[in-house]
Amino acid sequence: MESVLIAALLAASSPAAGAPAPLDRRCFGLMAELAEDGDPRVAGGGRIGAQYFLGRVGAPQADLVPP
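Described in the following lines is the structure provided in the data block. (Residues numbered from 1 in each chain as written. Predicted model: local features only at pLDDT ≥ 70, side-chain atom pairs only at ≥ 80, totals over all residues. Heavy atoms only, no water.)

1. Quick word on the overall build of the protein chain
Moving on, step 1. The helix and strand tally for the protein chain stands at three helices and zero strands.
Moving on, step 2. Here the protein chain holds 67 residues, and the buried ones make up 27% of them.
Moving on, step 3. Of the contacts formed within the protein chain by residues at least 6 apart in sequence, a portion of 60% connects residues at least 24 apart.
Moving on, step 4. As displayed, the protein chain offers around 4600 Å² of accessible surface, 65% of which is attributable to carbon and sulfur atoms. (Helix = DSSP H or I, 4+ residues; strand = E, 2+ residues; numbered from the N terminus. Buried < 20%, exposed > 50% of the residue type's maximum accessible area, 1.4 Å probe, protein only. Contact = heavy atoms within 4.5 Å. Areas by Shrake-Rupley, 256 points an atom, 1.4 Å probe, with all protein chains shown as cover.)

Following this line, the structure appears as structure tokens:
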């Protein structure tokens, strides 16, 4: 889980032309917290959600919009 948090920190700290919305970063933080829950069902959903929002935070927003 540490590697996911480190990757998110690096993605959030590097300025990009199309910076991700602050809501995506907050959602990633929430999902990362849920990924460490004691209930395996909650932790599994949190890991999936954290990976999803990590992709949204790390992806350049300009590439997501077709020309």
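2. What about the packing of aromatic side chains?
Moving on, step 1. Tallying each qualifying case throughout the model produces one aromatic pair.
Moving on, step 2. Where Tyr52 meets Phe53, the ring centres are 4.9 Å apart and the plane angle is 80°; that geometry is what we call edge-to-face.
Moving on, step 3. Owing to a relative accessible area of 49%, Tyr52 belongs among the partly exposed residues under this scheme.
Moving on, step 4. Judged by its relative accessible area of 16%, Phe53 falls in the buried class. (Phe/Tyr/Trp six-rings, centres within 6.5 Å; stacked < 30°, edge-to-face > 60°.)

3. Here's the deal with the nonpolar core
Inside soluble globular proteins, nonpolar side chains tend to come together where they are buried.
Moving on, step 1. Residues Phe28, Met31, Ala32, Ala50, Phe53 and Leu54 constitute the largest nonpolar core, which totals six residues.
Moving on, step 2. Breaking this core down by element, the ones donating at least two residues are α2 (22–35) and α3 (40–58). (Core = buried A, V, L, I, M, F, W, Y, C linked by side-chain atoms within 4.5 Å.)

4. Focus on the side chain of Asp24
Moving on, step 1. Relative to the elements of secondary structure, Asp24 occurs in helix α2.
Moving on, step 2. A relative accessible area of 7% means that Asp24 is categorised as buried.
Moving on, step 3. When sequence neighbours within four positions are dropped, the list of residues in contact with Asp24 reads Phe53, Arg56 and Val57.

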